[in-house]
Every structure is written in structure tokens, then in C-alpha cells.
Amino acid sequence: MCDCNHAFHADVVGSLLRPDALKTARQQFQRDEINADQLRAVEDEQIRLAVAKQKDLGLAVVTDGEFRRAWWHFDFLEGLDGVEGYDAEQGIQFNGVQTRARSIKVVGKLGFNQQHPMLADFRFLKATAGDAVPKMTIPSPSVLHFRGGRKAIDSQVYPDLNAYFDDLAQTYRDAIKAFYDAGCRYLQLDDTVWAYLCSDDQRRQIRERGEDPDRLARIYADVLNAAIADKPDDLIIGLHVCRGNFRSTWISEGGYEPVAEILFGQVNIDAFFLEYDNERSGGFEPLRFIKPGKQQVVLGLITTKNGELENPEQVKQRLEEAAQFVDRRQLCLSTQCGFASTEEGNSLSESQQWNKLQSVVNIARQVW
């Protein structure tokens, strides 16, 4: 029997399509037609509805859909001490489309403070979740470093990057404790970087900027392990590895083999959320490095990039294929990513979104 404590064979990654009422309210707020309290009231109501819908579908774990965020990562990172957001010269390049031009830089000593707005966001979710488990999603620590690298870190604040990585790990230790103290027992770290380290094109770009992708993998593994080293036993921490998800497009491609031994064999995460919704994700062979009986593997076999429902029998067959490399009792099912990593959202309707999540629940019930 698997002795890991992740109990949700049907899981939800995090973000949901923003309802029209929420989009309208955010636009009104930007035009100064409503104030922050009025915007938050709309967010509160839409989160209540989203949580109720997730529970109606049969999910035992719920999120707030990231409804209070514009981005999956910047909103959290800009709330850290020492981090500053700014309007960049260009957006992040996806396959055929760019995001809005936004980025972050480290301008002071890193830290996490009790006034971080997402602590209040989680408390609201917890109060709304009822008998479901509220999951909080935040970007992984490696995300803060990878996008800008050395040039995005003030050299006078951190002349030595070893000190930077030490502070980064401590910042996340403090964040994890703060969310735990707020009642969080299920925390997900979202991480695009590990997928970039699997991509030949991204690895080339990393080398061109003067860094070694294999060395970065070891550094990020050490930072993750240091960040979660003191976590309480009853706190589940998952790591979602994403190849990019903006308006149904993507950035990186390639299987997990280049990082599998370090990521699966050495990072002490409770549950890995892995994209496996298309051939860009590669095969299941890298799962052989998953620790037996210790970690759950949440297979993202249901895509959020379009509204077409997967054939349940084909999904079950893929679960059987994965079970050749990791104990089926350690396997779970989810979508490959959220439905709206940014507030723009992916190219499907809300009804298609809910049908996707219902399919996750239905298949999981049949398999487990």
C-alpha cells in the first residue's frame, strides 16, 4: 500500500476561466468605475460559485480558480520583499503569440512577510471550501530566478548568487509556514522551468546566456529541497511541471528524461503534476525514477488547450501504460494544466471546462 498522503485520485491543477462578471469588474476597476472593495466583493462571489461547482462535480479538492490574479506567477512574486514588477520591453514568447509585456526583478533582500495578500486570499478559500480540501497554488522558487537570470538580480544586493539562493529558499520556507499557519494543508508549486530544462531549444538559449542547464537543475533541486525541508508531516506539497499555457499555446517541448533522475529521484515533493496530454510530453519511461510508495504522480492526460473531450477508454489505457513504470496506486489523474494561467484564458468555453473536470472525476472513479 502506498504510504504517501496525497489522497485525491481526481485532482484539479488550479486556474479556471474567468467568468464574464469577473472580467467586467476588473475592467471597471481599471477605469476607476468601482473601488477595490467592490472588485473584491465580485471576486468573492465568483469564487464561491466556482468552489460550489467543483464540489458539485465530485472533486474533493478545490481552488479559487486564481480569480484574484492576472498572472499565475507575477502576482505572488511581486508580493515578496525585494521583488519589483515592471513593464518590460516585450512579452514572453509562446508558440505564435506573446504575452503582455511584464516582468520582475530583484532589487532588495528577498523575504516573505505576513502582509502578503495571498494569505488573505487563501483564508477566504478555506472559509468557502466547506468539507472539501482547499488547495493553494503559488509559483515555484526557481521561477523567480530562471526568467531573468543574473541580470534581473541587483548585483549590489546579491554579489554572490549563493547568498541569493539561500535567501530564496528561506523566503519559501517562511511562505510555506505562513500558509500552513493560515490553515493550508495542500500547497502546489507551479514550475515551468523543469520543462524548459527538457527542451533542446530552451537548453540552447540557457547556454547562450552563459549558464549550464544541468547545473541549474541541481541548484533548483537543492533550493526546492531546502524550501520544503521543515514542512509539517500533514502538509501535502505538489509540484506542477508545465510546458507553457497561454491562450492555448505553449513554449517548450521534450520528454522528462533530461531531468528525470534529479527531479523525480532527488526532489522530496509529495506529488508531481505532470503534463502528458500530447506527444510533446514524451513517454512514461522517466517515471521509473519516482520513489516507490513515497510520491504520487498526477498525470495530466486531459488537455485544457481545447474543448474536445478525450476518449475515457484511451485515458484509461494511458494510465495502464504509465503503471508499467510506477505503481498504479501512486497514480492520479488531472488536466495537464489550469484553464487560465493568465486572466486571458485558454480557447474553450466555461461549459467545456467543467465537462473536462467532470471527465477527470468520472474516469478516476472508474479506475480507482
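Refer to the structure above for everything that follows.
The structure contained in this document is the topic of the report that follows. (Residues numbered from 1 in each chain as written. Predicted model: local features only at pLDDT ≥ 70, side-chain atom pairs only at ≥ 80, totals over all residues. Heavy atoms only, no water.)

**Some points on the overall build of the protein**
(1) Moving on: Scanning the protein for helices and strands turns up 12 helices and 10 strands.
(2) Moving on: By the compact-globule yardstick of 21 Å for 368 residues, the protein fits well, its C-alpha radius of gyration being 19 Å.
(3) Moving on: Principal axes of the C-alpha set define a box for the protein whose edges measure 55 × 50 × 45 Å.
(4) Moving on: Evaluated residue by residue, the protein yields a buried proportion of 59% over its 368 residues.
(5) Moving on: Restricting the contact set of the protein to residue pairs at least 6 apart, pairs at least 24 apart contribute 79%.
(6) Moving on: For the protein, the accessible area works out to roughly 15,100 Å², and carbon and sulfur atoms hold 45% of it. (Helix = DSSP H or I, 4+ residues; strand = E, 2+ residues; numbered from the N terminus. Rg over C-alpha atoms; globule rule 2.2 N^0.38 Å. Buried < 20%, exposed > 50% of the residue type's maximum accessible area, 1.4 Å probe, protein only. Contact = heavy atoms within 4.5 Å. Areas by Shrake-Rupley, 256 points an atom, 1.4 Å probe, with all protein chains shown as cover.)

**Remarks on the nonpolar core**
(1) Moving on: Ranked by internal contacts, the top residues of the largest apolar core, which has 116 residues, are Phe76, Phe179, Trp194, Leu287 and Leu299.
(2) Moving on: By residue number, the principal contributor to this core is helix H6 (residues 161-181), which donates 10 residues.
(3) Moving on: Once residues within four sequence positions are removed from consideration, Leu299 is found in contact with Leu274, Tyr276, Phe284, Leu287, Leu319, Ala322, Leu331, Cys332, Leu333 and Ser334. (Core = buried A, V, L, I, M, F, W, Y, C linked by side-chain atoms within 4.5 Å.)

**Focus: the state of the cysteines**
(1) Moving on: One pass over the full model with this rule turns up 0 disulfides.
(2) Moving on: Left unpaired, Cys184 is separated from the closest cysteine sulfur, that of Cys332, by 17 Å.
(3) Moving on: Residue Cys184 is classed as buried on the basis of its relative accessible area, which comes to 1%.
(4) Moving on: Between Cys198, a cysteine without a disulfide, and Cys242, which holds the nearest cysteine sulfur, the sulfur-to-sulfur distance is 12 Å.
(5) Moving on: Using a relative accessible area of 5% as the deciding quantity, one classes Cys198 as buried. (Disulfide = S-S within 2.5 Å.)

**A look at the side chain of Asp64**
(1) Moving on: Mapped onto the elements, Asp64 comes out in the loop between strand S1 (61-62) and helix H3 (74-77).
(2) Moving on: For the buried Asp64, which has no salt bridge, the nearest side chain bearing the opposite charge is Arg68, at an N-O separation of 5.0 Å.
(3) Moving on: Here the side chain of Asp64 touches Glu66 through a polar contact of 2.8 Å, landing on its backbone nitrogen.
(4) Moving on: Setting aside residues up to four positions removed in sequence, Asp64 forms contacts with Ile47 and Leu125. (Lys, Arg positive; Asp, Glu negative; His and termini not counted. Salt bridge = Lys/Arg side-chain N within 4 Å of Asp/Glu carboxyl O. Polar contact = N/O pair within 3.5 Å; in protein donor to acceptor, adjacent residues only side chain to side chain.)

**What about the pairing of strand S6 (residues 186-191)?**
(1) Moving on: Within S6, 6 of the 6 residues are buried, which leaves the element mostly enclosed by the surrounding structure.
(2) Moving on: Neither face of S6 is left uncovered, since the one carrying Tyr186, Gln188 and Asp190 and the one carrying Leu187, Leu189 and Asp191 both have all their residues buried.
(3) Moving on: Pairing of strand S5 (residues 136-139) with S6, which is carried by 4 bridges, proceeds in the parallel orientation. When the sheet's bridge partners are listed, Thr137 is paired in S6 with Gln188. (Pairing = 2+ DSSP bridges.)

**Remarks on the layout of surface pockets**
By rolling a water-sized probe across the atoms, one finds the places where empty space is left.
(1) Moving on: Taken as a whole, the second largest pocket holds about 400 Å³ of empty space.
(2) Moving on: Forming the boundary of the second largest pocket are 19 residues, of which Arg26, Arg68, Arg69, Ala70 and Asp75 lie nearest the centre.
(3) Moving on: Contributing elements (two or more residues each) for the lining of the second largest pocket: helix H1 (20-30), helix H2 (36-57), H3 and helix H4 (117-129).
(4) Moving on: The element contributing the most residues to the lining of the second largest pocket is H2, with 4 residues.
(5) Moving on: Taken together, the residues of the lining of the second largest pocket sort by class into 8 nonpolar, 1 polar and 10 charged. (1 Å grid on protein atoms, 1.4 Å probe; cavity = no way out; pocket = protein on both sides within 12 Å on 5 of 7 lines; lining within 4 Å. Points joined across faces, edges and corners; volume = space filled by probe spheres on them. Nonpolar A, V, L, I, M, F, W, Y, C, P; charged D, E, K, R; others polar.)

**A short note on the pattern of salt bridges**
(1) Moving on: If you walk through the whole model with that rule in mind, you get 20 salt bridges.
(2) Moving on: For Asp44, the salt bridge goes to Arg68, with nearest N and O atoms at 2.7 Å. On the criterion of sequence distance, the pair formed by Asp44 in helix H2 and Arg68 in the loop between S1 and H3 is long-range, its members being 24 residues apart. For the residue pair Asp44 and Arg68, the accessibility class agrees, reading buried in each case.
(3) Moving on: Among the salt bridges present, the one from Asp234 reaches Arg185, with a minimum N-O distance of 3.3 Å. In this pair, Asp234 is assigned in the loop between helix H9 (213-228) and strand S7 (236-241) and Arg185 in the loop between H6 and S6, connecting sequence segments 49 residues apart.
(4) Moving on: When salt bridges that share partners are traced, they join Arg26, Arg40, Glu43, Asp44, Arg68, Asp121 and Glu343 into one network.

**Details of the packing of H6 against H9**
(1) Moving on: Where H6 meets H9, the axes come as close as 8 Å, and the angle between the chain directions of the two elements is 35°. H9 is crossed by H6, and the crossing has right-handed handedness. Seen from H6, the contacting residues are Phe165, Leu168, Ala169, Tyr172, Arg173 and Ile176; seen from H9, they are Ile219, Tyr220, Val223, Ala226, Ala227 and Ile228.
(2) Moving on: Class assignment of the residues belonging to the contact of H6 with H9 gives a composition of 11 nonpolar, no polar and 1 charged. (Axes fitted to C-alpha atoms, helices over the stretch in contact; angles between N-to-C directions. Left-handed = near helix turned anticlockwise from the far one by under 90°.)

**Here we look at the sheet that holds strand S8 (residues 271-275)**
(1) Moving on: Ordered in space as S5-S6-S7-S8-S9-S10, the 6 strands form an open sheet in which the pairing is parallel. One side of each edge strand has no neighbouring strand; the edge strands of this open sheet are S5 and strand S10 (331-335). Geometrically, the sheet is characterised by an average inter-axis angle of 25° between neighbouring strands, direction not taken into account.
(2) Moving on: Looking at chain direction, strand S9 (residues 296-302) and S10 are connected through 5 bridges and run parallel.

**Some thoughts on the packing of aromatic side chains**
(1) Moving on: On inspection of all chains with the given rule, the structure shows 12 aromatic pairs.
(2) Moving on: Between Phe264 and Phe272 the ring centres are 5.1 Å apart and the planes differ by 75°, which places this aromatic pair in the edge-to-face class. An identical accessibility class is assigned to Phe264 and Phe272; each is buried.
(3) Moving on: Note on Tyr276 and Phe284: the rings are 4.6 Å apart at their centroids and 45° apart in plane angle, and the pair reads as tilted.
(4) Moving on: For Phe284, a relative accessible area of 5% corresponds to the buried category.
(5) Moving on: Through successive ring pairs, a cluster of aromatic residues spans Tyr256, Phe264, Phe272, Tyr276 and Phe284.
(6) Moving on: Of note, Arg68 hangs over the ring of Phe124, and the distance from its end group to the ring centre comes to 5.0 Å.
(7) Moving on: Taking the ring centre of Tyr180 as reference, the NZ or CZ of Arg185 above it sits at 3.6 Å. (Phe/Tyr/Trp six-rings, centres within 6.5 Å; stacked < 30°, edge-to-face > 60°. Lys NZ or Arg CZ within 6 Å of the ring centre and 35° of its normal.)

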